[in-house]
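Now for the letters of each chain:
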Amino acid sequence: MSIRFAVSALLGAVLLAGCSERNGETAAPEVNLYSARRYDSDLPLYERFTQETGIKINRIEGNADQLIARMKSEGANSPADLFITADAGALWRAQQAGLLQPVQSETLDARIPANLRDPDGHFYGYMRRARVVAYDSSKVRPEGIDDYAKLAGPRFKGKLCVRSSDSIYNLSLVGAIIEAEGPEKAGAWVRGIVANMARPPEGGDRDQIRAVGAGVCEISLTNSYYYIRMANGDNAGDRKVTEHVKLGFPSLTGQGAHINISGGGVAANAPNRENAVRLLEFFASAEAQRHIAANNNEFPASPDVAPPAPVDAYADFTPNPMAVSAFAARQPEAQSLMSEAGWR
Ligand code: FE
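All residue numbers here refer to positions counted from 1 along the written sequence of the relevant chain. At least 70 in pLDDT is required for a residue's local features to be given in this predicted model, at least 80 for side-chain atom pairs to be given and counted, and no such filter applies to totals for whole chains, interfaces and linings, which use all residues. Heavy atoms from the whole structure form the basis of all side-chain values; hydrogens and water molecules are not counted.

### Quick word on the environment of serine 105
Secondary structure follows DSSP: runs of H or I at least 4 residues long count as helices, runs of E at least 2 residues long count as strands, and numbering of each begins at the N terminus. Topologically, serine 105 is positioned in the loop between helix 4 (88-96) and helix 5 (106-111). A 1.4 Å probe rolled over the protein chains alone gives each residue an accessible area, and that area as a share of the maximum for its type sets the label: buried under 20%, exposed over 50%, partly exposed in between. Here serine 105 falls in the buried class, since its relative accessible area comes to 5%. Taking the C-alpha atoms as reference, serine 105 lies 10.0 Å from leucine 280; in sequence the two are 175 residues apart. In this analysis, two residues are considered to be in contact whenever any of their non-hydrogen atoms come within 4.5 Å of each other. Those residues in contact with serine 105 that lie beyond four places of it in its chain are Tyr124 and Glu281. By the criterion applied in these results, polar contacts are pairs of N or O atoms within 3.5 Å in which, for protein atoms, one can donate a hydrogen and the other can accept it, and in which residues neighboring in sequence qualify only through two side-chain atoms. There is a polar contact of 3.3 Å between the side chain of serine 105 and the backbone nitrogen of threonine 107. A distance of 2.9 Å separates a polar side-chain atom of serine 105 from the backbone nitrogen of leucine 108.

### Regarding the nonpolar core
Among the nonpolar cores identified, the biggest contains 108 residues, and Phe83, Trp189 and Phe283 are the most heavily contacted of them. In terms of residues, this core owes the most to one element, helix 7 (residues 168-196), which gives 12 residues. Composition of this core by domain shows at least three residues from each of domain 1 (3-128 + 260-312) and domain 2 (130-257 + 326-341). Among all residues touching phenylalanine 83, those that are not within four sequence positions of it are Tyr34, Ala64, Leu67, Ile68, Met71, Ala90, Leu91, Ala94, Leu100, Gly263, Gly264 and Gly265. Nonpolar core, defined: a set of buried Ala, Val, Leu, Ile, Met, Phe, Trp, Tyr and Cys residues in which side-chain atoms within 4.5 Å join the residues together. Each domain span listed reflects an automatic or database assignment of domains.

### Details of the domain arrangement of the protein chain
In terms of domains, the protein chain is made up of domain 1 (3-128 + 260-312) and domain 2 (130-257 + 326-341). Computed from C-alpha atoms alone, the centre-to-centre distance between domain 1 and domain 2 is 30 Å. In this complex, domain 1 contributes 16 residues to the contact, which on the side of domain 2 involves 15 residues. With both sides pooled, the region where domain 1 packs onto domain 2 buries about 1,300 Å², and carbon together with sulfur makes up 61% of that total. Salt-bridge detection follows one rule: a side-chain nitrogen of Lys or Arg within 4 Å of a carboxyl oxygen of Asp or Glu. In this structure, the connection of domain 1 to domain 2 is made through zero salt bridges. Element by element, the count of residues in the side of domain 1 that touches domain 2 is highest for helix 4, at five residues. All residues other than Ala, Val, Leu, Ile, Met, Phe, Trp, Tyr, Cys, Pro, Asp, Glu, Lys and Arg, Gly among them, are scored as polar; the first ten of these are nonpolar and the last four charged. Within the side of domain 1 that touches domain 2, the residues separate by chemical class into eight nonpolar, four polar and four charged. Here the quantity called buried area is the accessible surface, traced with a 1.4 Å probe, that two parts lose on coming together, added over both.

### Things to note about the packing of aromatic side chains
Aromatic pairs are defined between Phe, Tyr and Trp rings, using the six-membered ring for Trp, whenever the two ring centres lie within 6.5 Å; interplanar angles under 30 degrees are classed as stacked, those over 60 as edge-to-face, and all others as tilted. If you walk through the whole model with that rule in mind, you get eight aromatic pairs. When the centroid spacing of 6.0 Å and the interplanar angle of 65° are considered together, the rings of tyrosine 46 and phenylalanine 283 count as edge-to-face. Placement of tyrosine 46 in helix 2 (residues 43-53) and of phenylalanine 283 in helix 11 (residues 273-283) is noted, with a sequence separation of 237 residues between them. A relative accessible area of 6% means that tyrosine 46 is categorised as buried. Assessed through its relative accessible area of 2%, phenylalanine 283 is described here as buried. Ring centres of phenylalanine 299 and phenylalanine 317 lie 5.2 Å apart, and the angle between their planes is 55°; this geometry places the pair in the tilted category. Of this pair, phenylalanine 299 sits in strand 11 (residues 299-300) while phenylalanine 317 sits in the loop between strand 11 and helix 13 (324-328), and the two are 18 residues apart along the sequence. With respect to burial, phenylalanine 299 and phenylalanine 317 carry one shared label: buried. Of the aromatic side chains, those joined through ring pairs into one cluster are Tyr46, Phe49, Tyr126, Phe282 and Phe283.

The following block contains the structure:
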């Protein structure tokens, strides 16, 4: 056996076992997960992955911008293997910064619809969330909010609650409106939203829903899972709010509700690349999607994964087919439209 063959056979064995080698010692198989998804309900999933594969998950948590800054400063020596977030905009920022590498995976391509992933494989969305409307059903008819354009119209002057423009969820929604309607119409929409605000933006999405419940406003923008959690969770006050505050699904240019993703991308210098791909494939499995839908109330990304309770009761809407990478790339434009309009 030649030395070259022996070395490559050894390397092959190490790769097959999914092990990484540091300081000459072969470590147990592991994957370093940089997670901006800080949901306790994801923890059983991580345990399950380790049981199934023997690969240990080391979690580094923070908000998306913190983790992106950390990966930038770590540079080529970053231990990051997989970066996961709850918004396509954050994945796009990481991609723009050169922090993600393209991945080819038949499994991911089969499980995740093309519009929910980057065309070059830099990131994949394994859960869907709709950015829609919670409305006071005693004052607003569902037809009154069935189009995003109506939210910015004079009917809702002083009646709208929404969080600030630094929310990536809002940046992504405005990015989608720019993508669908062009910057001029989107600018007019943003100005209409600012004119309709019942109060300066404050708090998160749940605070907007509660404000509708308290009569501060008649409509609010929210991600679907916040509402579904309030309607089905342990907080009796929140459940009470959802008796008259309902969830409505507006349409963007007649093509359905704005859809964002929870997803991940493999880090540019991932030391455990194969394990990172495996973990991403695991998140995209029917089992993981069902778990996250049941526990975090997002919608499955795969059309063949039936939404479990409680999200099944809210799943009958038209999702906009826009590519998430298209609206994600519009966020710098969205940011300037929003700050021009005074959406703080
Ligand atoms: Fe959220």
